[in-house]
Amino acid sequence: MTRAIAAAIAFVLAASVGAPMAQESSPRQTARVSGVVSSADTGRPLDGALVELTHDSPGKSEKLTIATGPDGRFTFPALAAGTFILSAAAPRHDQATYRRSQATNAPVRHTLDEGQQFTASIVLSRLGSISGRIFDPFGDPVPGITVFALEKREVAGVVRLVRAGRSSPPRPTDDIGQFRLSGLTAGDYHVVALSGALTAAASFSTVAEVGGFLPTYYPGTSSVAEAHRVHLGTGQDVAGLTLTVIPTPTYRVSGTVVDSKGAALAGAMVSIVPADGPGLNATIGGRIQAQHDGTFVVSRVPPGTYVVQGRSWITTSDEPGEYGWATVTVGQSDVRDVRISTHGPSTLRGRFVYEGDQPIRFAIPNGLQIDMVPLDFDTEPVVAISSAPVSVRLMGEGRFQVSGLWGRRLMRVRASNIVTERIVLDGKDVTETPIEFNGRDSTVEVVLSRRVATMTGRAIDADNQPVPGCRIVLFAGDPSRWTPHSRFVTTVLADSEGQFRISGVSPGSYMSVAIPADIVGPTDPELLEAVRSSAIALILGEGITSDIELRLLGHVNR
Amino acid sequence: MVCAVAISATVVAQGPPSQPARDSRVDRSPVTGALAGRIVAADTEQPIRWASVGLFSPERSFFATTNTDADGRYAFRDLPAGDYTLRASKGGFVSTLFGASKLLEAPARIVVSPGRTTSGDLALERGGAVEGRILNEAGDPVQDVPVHAFFVAYDGGGRRKMAADTVARTDDQGYFRLHSLAPGRYFIQTSIPGVVSASAGVSRTEDQANVRVYGTTSGRFLIRAEPGRAEPSIDLREAAQTQALFPATFHPGTTRLSEATSVSIEAGRTASASFSISYLPVASWTGSVEDSRGRPPEIISAMLRSRGGALHGSLTNSGTSNQFGFTPLPPDDYVVGVIVRGKAKEPEFAVRSVRISGQNVAEPTFRTAPGVTLSGTIETVAPSSPLPPTGISVVALATLFPGLAGDPHGKEHPLPVAADGTFTFKNLFGPRLFRIEAGPAWAITAIYLGDEEITDRGVDFTATTATTRLRVLVTNRTGAIIGSIAADRGTTSGQVLVFPESEVHWGFDSRLTKITDVLPGGRFEIKGLLPGRYFVAHVPELAPGGWADADLLRGLKGIATLAEVADSAETPVMLKHARTK
């Protein structure tokens, strides 16, 4: 699961639900949840799968687990009316929740009425593995190498190569160079071998640089473009891979971490992450601790370009500490005197204005949601995000305040029946430009409009049959609007009857297309360029444009 | 040997900043030196590339690490003069300290002198490995649990204990590989660490109600109901959160260390050790004790051992509380021994048998009792010479609770024998085996308690033991084995083990088993042997107490020499040097 949306906070001011129904003093437990767990590819029932029911009824919340028998069946009898989430897991299978919202991917909370007999068929996909051995150019196995599987995923609006599989600490290769990457869904993967400063070994500083290995991709190249991808079918085990690592001279990167007051950030955590390689510094990269005087030395760094980050050693939700970063290029010598200036979180203040109207006096529109979407993870502290959540305060007269911000973020405002016209910061239009939060506070004006366009329709295939669950993309024809998280590029999934609804866009001219749901990066400019000639052109006016029929594009050439 | 130890990044060896230009009026002698060397494989003499080399001086808080280059060479520069410990390691080889040829031997220090480069070459022996799969009762892999290889060692009572381990984790198939192990014998052990929150198990199918399945992050575990008891279909709410501990399991699948089978690790070879672990519910035992007057006493120490001998817990100086307990305990039979300060500040003792079967046990208050007073004599057996007037002691070895703090007797407290050969033990408790400490030629021929011969059986001293006289019969008309070991390459070291031909006389602190160090030149000498036939073997490395291990002795028979010992005679024996492959 990506952690891309961690920073968003939704604030709903809509009226709450109606008065509670009259209830008996002890709820009757007559409802039942039962079903069967089976394997996705074989269709056969799974013996010994663990099914978990998180059940909420008035006054009680409980988590129940049951194991399936050889017939794959499970039953949770005698439940009170309420709501529940149902999920299942089995060894060597991907966990599955029954079901997940197609729009948000969040687990669906089902309602359970008194006496209801709810049945569910949960399907689990088998997970596969990639294993092999790492060798050096002399033909000897190399122990102590960290190996990752990388897959293309859309993270923070951008398609990147990120670490796949479980996020538990990777096991370094053993004495015969063996590695195993497990828990992988079907797909195409790169395999990368890392050592030295980019792994946990970074914390062991060395007194002399005797060289190490470049980050090497299977079967033995330092260039991702030249690397071979490993194709994994469902539940397939690809074994016997041989990856030969490339020796390289290594160097040291040293410098100081200085805080916003100009003092040394004693004991700062310093991370080094490849700047042009896989991102998500929480998973790839080495970590060391600076000294009391804020100085640090990272040894065993192969040539390359890196983002070196510094952050306060201890961060809590009350004290998020400081964070800063610097880009460093290591060529053929040590890099000294790197200065990382850190800063604390920033606050964004602003107000909402309706186009043409006075500032909003009364309550904020229904379901208003302010998302401060991060665009990358190298330039902001991963840990600080989770310990110091972004907090949003809505004040009177349409004013708001968002604090706990770091890095480069796009501001996105969503509400029903509202579109964002413009976001202005210091006279500049930042609607589609990320705002940099470098410890200084900023003030914006968000111009909203009530002129909203909505599109409904259905997706069909070559035989005019509906295509359930496919992906609908609505995008502006002008490529300059194809920026990450653009307001002019939207995507939803069609429902089980192939029908779709897209709302919350500004009236204007667009193009639209239906594509298979499993395509990675549906809002990626490369993809939009590829499908543009097959898309239909639309003009969406204010209000609902309905009955749009989109023919599924079976094949997309990127 | 433990692999390269984690090294803090905070201190990096940095000498003083580069020397300023020499002032011709002042002679600046260098204060730092350097250390450089080459790491090679001992068997092939080929360089070991990218080996990790560590240099430490704990007294000066100095730690530095580097790696060897493609030629197997490394260097440390700008080192403050002084002595250091040097260690080299690489996956597939035994991590080695400079100057240490024996396991557990203190390594030599390497000296760095100002202005000079000390040479620190090391040859690493190839390590062995053991791999296998850990499965649960259902045959599913147990994922992501630690697996340890413990070097076989022995406690003071000759019972196995664990020392110096290497650890690896199982992968998603339950597969593990422990590598870079020094050749030797190891126990393989795994456990699921910490408290496992096992969420509601339920019958696997609604009508097959005798098995519970618990899910954990490491996989599923089955808990079988007691035989003959079919559990009705379970109300899920009651079966909700259960805290459980999975006790350590040893290859080939036992929770008892005494029943574990060791795995022999050889250089460059991979052994195999797969086994299953089962869930066993653990429980706790608590007890409270009062002294012989019925008053709550001060507890000096307590110990809990399983009947198989493994130590499961011990405590000392509980302070003022007269309550104590041990946890976690897998199902087994145990004995608890406790020493308290009782009437007139004299020690008092209690030994309880405890059976744990998954339920917590709270023992009703029990009483201690004073120990037993026992008098005895040492007598010589003709044609032995008379006893010397001094220098002889009798030892009452605790066979059930060796090392229990506050025990007035035991190996640490030999009782000197008077000039007339008499001695008196006070405060004896629990099972004891009597031995003597005397010159090397002396040996025990028999021990009697009253009319009963207790030479190698010992006595269990409870409050009701009849305290008739103890007679320890000894002789110094014993034989000896002397000999030498055919030199292999370099010097010969290690020990020579002599043990009786008959297995009947093996075991805990057998008086017929002896061990001696190899002297310079490969010579050895063992005295005080009663007439009979003995195996004689060279053991390059033997963990202390190892001679009590029947497994080990059986293994040695194949390479040992059988010798006949007669009294007052020296039997010469030539031994081949034992090979560590």
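Preceding this section is the structure that the text describes.
Quick caveat: nothing in here was measured; it's all calculated off a predicted structure. (Residues numbered from 1 in each chain as written. Chains lettered and ligands numbered in written order. Predicted model: local features only at pLDDT ≥ 70, side-chain atom pairs only at ≥ 80, totals over all residues. Heavy atoms only, no water.)

### Focus: helix 1 (residues 550-557) of chain B
Stage number 1. Taken residue by residue, helix 1 of chain B has Leu552(B), Leu553(B) and Leu556(B) as its buried positions. Mapping the buried residues of helix 1 of chain B onto a view down its axis gives an arc of 95°, with all of them on the same face. (Buried < 20%, exposed > 50% of the residue type's maximum accessible area, 1.4 Å probe, protein only. Helix = DSSP H or I, 4+ residues; strand = E, 2+ residues; numbered from the N terminus. Arc of directions from axis to C-beta.)

### Description of the pattern of salt bridges
Stage number 1. Within this structure, the stated rule accounts for 41 salt bridges over all chains.
Stage number 2. With a shortest N-O distance of 2.9 Å, Arg49(B) and Asp140(A) are connected by a salt bridge. With Arg49(B) in the loop between strand 1 (32-41) and strand 2 (52-57) and Asp140(A) in the loop between strand 10 (128-135) and strand 11 (146-155), the pair connects residues from two separate chains.
Stage number 3. Asp140(A) sits in the partly exposed class, given a relative accessible area of 33%.
Stage number 4. Of the charged contacts in the structure, one is a salt bridge between Arg109(B) and Asp83(B), with a shortest N-O distance of 2.8 Å. Here Arg109(B) is found in the loop between strand 6 (96-97) and strand 7 (110-112), whereas its partner Asp83(B) is found in strand 5 (residues 82-89), with 26 residues between them in sequence.
Stage number 5. For Arg109(B), a relative accessible area of 31% gives the class partly exposed.
Stage number 6. Here the residues in one salt-bridge network are Arg92(A), Arg180(A), Asp237(A), Asp171(B) and Asp172(B), joined through shared partners. (Salt bridge = Lys/Arg side-chain N within 4 Å of Asp/Glu carboxyl O.)

### Examining unusual backbone geometry
Trans is the common state for peptide bonds, and a negative phi is the common state for residues other than glycine.
Stage number 1. In this model, Tyr218(A) is joined to Pro219(A) through a cis peptide bond whose omega is 0°.
Stage number 2. Looking at the secondary structure, you find Pro219(A) in the loop between strand 16 (216-217) and strand 17 (230-232).
Stage number 3. We note that Asn427(B) has phi near 60°; this positive angle belongs to a residue other than glycine.
Stage number 4. Counting through the fold element by element, Asn427(B) comes out in strand 32 (residues 422-428).

### Observations concerning the sheet that holds strand 38 (residues 489-493) of chain A
Residue and element names in this part refer to chain A.
Stage number 1. Pairing is antiparallel across the open sheet formed by four strands, whose spatial order is 38-37-40-41. A single partner strand is all that each edge strand has here, and the edge strands are strand 38 and strand 41 (536-540). Strand-to-strand, the axes of this sheet are offset by a mean angle of 25°, without reference to chain direction.
Stage number 2. Pairing of strand 40 (residues 508-515) with strand 41, which is carried by five bridges, proceeds in the antiparallel orientation. When the bridges of strand 41 are listed, Ser509 appears paired with Ile539. (Pairing = 2+ DSSP bridges. Axes fitted to C-alpha atoms, helices over the stretch in contact; angles between N-to-C directions.)

### A closer look at the sheet that holds strand 9 (residues 117-124) of chain A
Residues and elements named next belong to chain A.
Stage number 1. Taken in spatial order, the three strands line up as 5-2-9 in an open sheet, and their pairing is mixed. What marks the edges here is a single partner per strand, and that holds for strand 5 (73-79) and strand 9. When strand polarity is set aside, the average angle formed by the axes of neighbouring strands in this sheet is 15°.
Stage number 2. Where strand 2 (residues 31-39) and strand 5 come together, five bridges link them in antiparallel fashion. By the bridge assignment, Val36 is partnered in strand 5 with Arg73.

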